[in-house]
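Listed below, chain by chain, are the residues.
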Amino acid sequence: MASQIPLSEDSSAIDPALDALRSDHTHEIAPDLAYRRLGIVNVVFWGPPGAGDREWVLIDAGLMGTKGFIRSAAAERFGRDSRPAAIVMTHGHFDHVGVLEDLAEEWDAPVYAHPLEHPYLNGQAAYPPGDPSVGGGAMAALARFYPRKPVDVGSRLRALPEDGSVPVMPGWRWVHTPGHSVGHVSFWRERDRSMIVGDAFVTTGQESAYAVAVQRAEMHGPPMYFTVEWDKARESVARLAALEPELVITGHGEPMQGAEMRAALHRLAKEFDSIAIPRQGIYLEKPARAEDGTAYCGPEG
């Protein structure tokens with residue numbers, strides 16, 4: 001695998017001066033977009049400050065043990081005891097669904113996801129095993145130990161509409177971006193060319209514990225140790241690059257913006273095989289597909 005694409009501080013969408021004005025422990029990167037880093041992963045909040053009850057949305061649900069951090073950030077940003085209109089999922093890997101069951105129940109909120117992701121969210125199927133053979137650092141080496149069992153929010157689970165709209169986020173559309181998982185989606189707003197991409201691509205070397213700790217900025221393909229369809233991952237990055245985003249929020253790493261970010265994303269799309277794909281890995285020759293059922297393991301993992 002070639003070196004990933006470095007990004008300068010000038011591409012960061014974080015504004016320290018703006019963050020210093022608030023006490024919600026989030027980074028606000030647009031008037032109605034903020035995110036909070038929870039260890040190795042980000043959760044995103046859509047909605048203006050003070051939006052109030054049922055007037056905002058949580059995108060993804062972090063790691064186990066982070067419910068208090070998400071709740072406190074939401075209370076500070078949107079109002080005490082305010083609940084989201086919905087929780088919207090990019091996908092259901094363990095670091096994105098850690099407190100999904102608890103928050104969905106506590107907030108009595110619907111959960112929207114792509115239908116191909118539903119078996120991981122309604123208790124029916126576990127993810128394929130993580131692949132430590134891809135290399136890249138300690139995070140990848142530990143991949144075989146990461147949780148794969150499904151969560152179960154079946155009574156609240158809803159399918160994202162076939163027309164591409166996001167019911168609780170006016171002006172946004174969802175884009176199917178499989179590869180990292182079969183039902184992975186990203187979210188796109190044409191008006192200001194903002195994009196929430198989950199793990200379709202990321203902006204830090206997620207395979208390396210050091211890179212995760214220091215959040216070194218780079219345009220990086222999807223985390224290698226959980227990506228199960230490299231051909232589709234390539235197509236997904238190309239699809240997102242073609243939208244010419246101005247602002248991207250990823251599931252791992254800092255949000256990035258501007259011309260340098262777009263140039264790096266286009267380079268990633270063009271040189272995906274040499275930059276993003278590992279030299280070895282169990283899913284290179286045998287992808288895990290929804291079409292043949294190999295993406296869905298028994299619920300016990």
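Residues numbered from 1 in each chain as written. Predicted model: local features only at pLDDT ≥ 70, side-chain atom pairs only at ≥ 80, totals over all residues. Heavy atoms only, no water.

Each helix and strand counted, the chain has ten helices and 14 strands in total. With respect to the principal axes defined by its C-alpha atoms, the chain has extents near 50 × 45 × 35 Å. For the chain, the accessible surface area stands at approximately 12000 Å², while carbon and sulfur atoms represent 52% of it. Distance between charge centroids for the chain: 1 Å, based on 28 positive and 41 negative side chains. (Helix = DSSP H or I, 4+ residues; strand = E, 2+ residues; numbered from the N terminus. Areas by Shrake-Rupley, 256 points an atom, 1.4 Å probe, with all protein chains shown as cover. Lys, Arg positive; Asp, Glu negative; His and termini not counted. Charge placed at Lys NZ, Arg CZ, Asp CG, Glu CD.)

Another aspect to go through is the confidence of the model for the chain. Per-residue pLDDT for the chain averages 96, and the proportion of residues at 70 or more is 99%. Mean pLDDT across the elements of the chain ranges from a minimum in helix α6 (residues 209-214), with 84, to a maximum in strand β10 (residues 185-189), with 99. (pLDDT = per-residue confidence, 0-100.)

Next up on the list: the sheet that holds strand β3 (residues 33-38). Taken together, the seven strands give an open sheet; going across it, the order is β2-β3-β4-β5-β6-β7-β8, and neighbouring strands pair in mixed fashion. One side of each edge strand has no neighbouring strand; the edge strands of this open sheet are β2 (27-30) and β8 (157-159). When strand polarity is set aside, the average angle formed by the axes of neighbouring strands in this sheet is 30°. By the bridge criterion, six bridges tie β3 to strand β4 (residues 41-46) in an arrangement that is antiparallel. Looking at the pairing, R36 lines up with V43 of β4. Strands β5 (57-59), β6 (86-88) and β7 (111-113) of the sheet are contacted by helix α3 (residues 100-107), whose axis makes an angle of about 160° with β6. (Pairing = 2+ DSSP bridges. Axes fitted to C-alpha atoms, helices over the stretch in contact; angles between N-to-C directions. Contact = heavy atoms within 4.5 Å.)

Next up on the list: helix α7 (residues 230-241). Over its twelve residues, α7 runs 17 Å from end to end, which matches the ideal 16 Å to within 8%, given 1.5 Å per residue. Buried within α7 are the following residues: W230, K232, A233, S236, V237, L240 and A241. Its buried side turned inward, α7 meets β9 (172-176), β10, β11 (194-198), α8 (258-270), α9 (272-275) and α10 (282-285). (Expected span 1.5 Å × (residues − 1). Buried < 20%, exposed > 50% of the residue type's maximum accessible area, 1.4 Å probe, protein only.)

The calculated volume of the largest pocket comes to roughly 290 Å³. As for the largest pocket, its lining consists of 18 residues, and the residues nearest its centre are M64, F94, V97, G98 and V151. Class assignment of the residues belonging to the lining of the largest pocket gives a composition of ten nonpolar, four polar and four charged. Approximately 160 Å³ is the volume found for the second largest pocket. Around the second largest pocket sit R71, A74, A75, G79, R80, D81, S82, R83, E106 and W107, which together line it. Those elements that provide at least two residues to the lining of the second largest pocket are α2 (67-78) and α3. (1 Å grid on protein atoms, 1.4 Å probe; cavity = no way out; pocket = protein on both sides within 12 Å on 5 of 7 lines; lining within 4 Å. Points joined across faces, edges and corners; volume = space filled by probe spheres on them. Nonpolar A, V, L, I, M, F, W, Y, C, P; charged D, E, K, R; others polar.)

One can find M89 in the loop between β6 and α3. Every residue in contact with M89, bar those within four places of it in the chain, is listed here: D60, A61, H96, V97, L100, V111, Y112, A113, V185 and F187.

Summed over all chains, the structure comprises twelve aromatic pairs. Here F94 and Y146 contribute two aromatic rings whose centre-to-centre distance is 5.1 Å and whose plane-to-plane angle is 25°, an arrangement assigned as stacked. With F94 in the loop between β6 and α3 and Y146 in the loop between α5 (138-141) and β8, the pair connects residues that are 52 residues apart, well separated along the chain. By relative accessible area, which is 18% here, F94 ends up buried. Relative to Y127, the ring of Y120 has its centre 3.7 Å away and its plane inclined at 15°; by these criteria the two rings are stacked. As far as burial versus exposure is concerned, Y120 and Y127 are alike and both buried. (Phe/Tyr/Trp six-rings, centres within 6.5 Å; stacked < 30°, edge-to-face > 60°.)

Another aspect to go through is the environment of E291. Along the polypeptide, E291 turns up in the segment after α10. Exposure remark for E291: the relative accessible area of 61% places this residue in the exposed category. In sequence terms E291 and L116 are 175 residues apart; their C-alpha atoms lie 9.9 Å from each other. Non-local contacts of E291, meaning those with residues more than four positions away in its chain, are made with E229 and K232. Only 2.7 Å separates the side chain of E291 from the side chain of K232, close enough to count as a polar contact. (Polar contact = N/O pair within 3.5 Å; in protein donor to acceptor, adjacent residues only side chain to side chain.)

The next subject is a negative patch on the surface. Taken together, the side chains of E101, D102, E105 and D152 present a region of like negative charge at the surface. Assignment of secondary structure puts D102 in helix α3. Residue class for D102 comes out partly exposed when judged on its relative accessible area of 42%. (Patch = residues over 30% accessible without salt bridge, like charges linked within 9 Å, V, L, I, M, F, W, Y side chains within 5 Å. Salt bridge = Lys/Arg side-chain N within 4 Å of Asp/Glu carboxyl O.)

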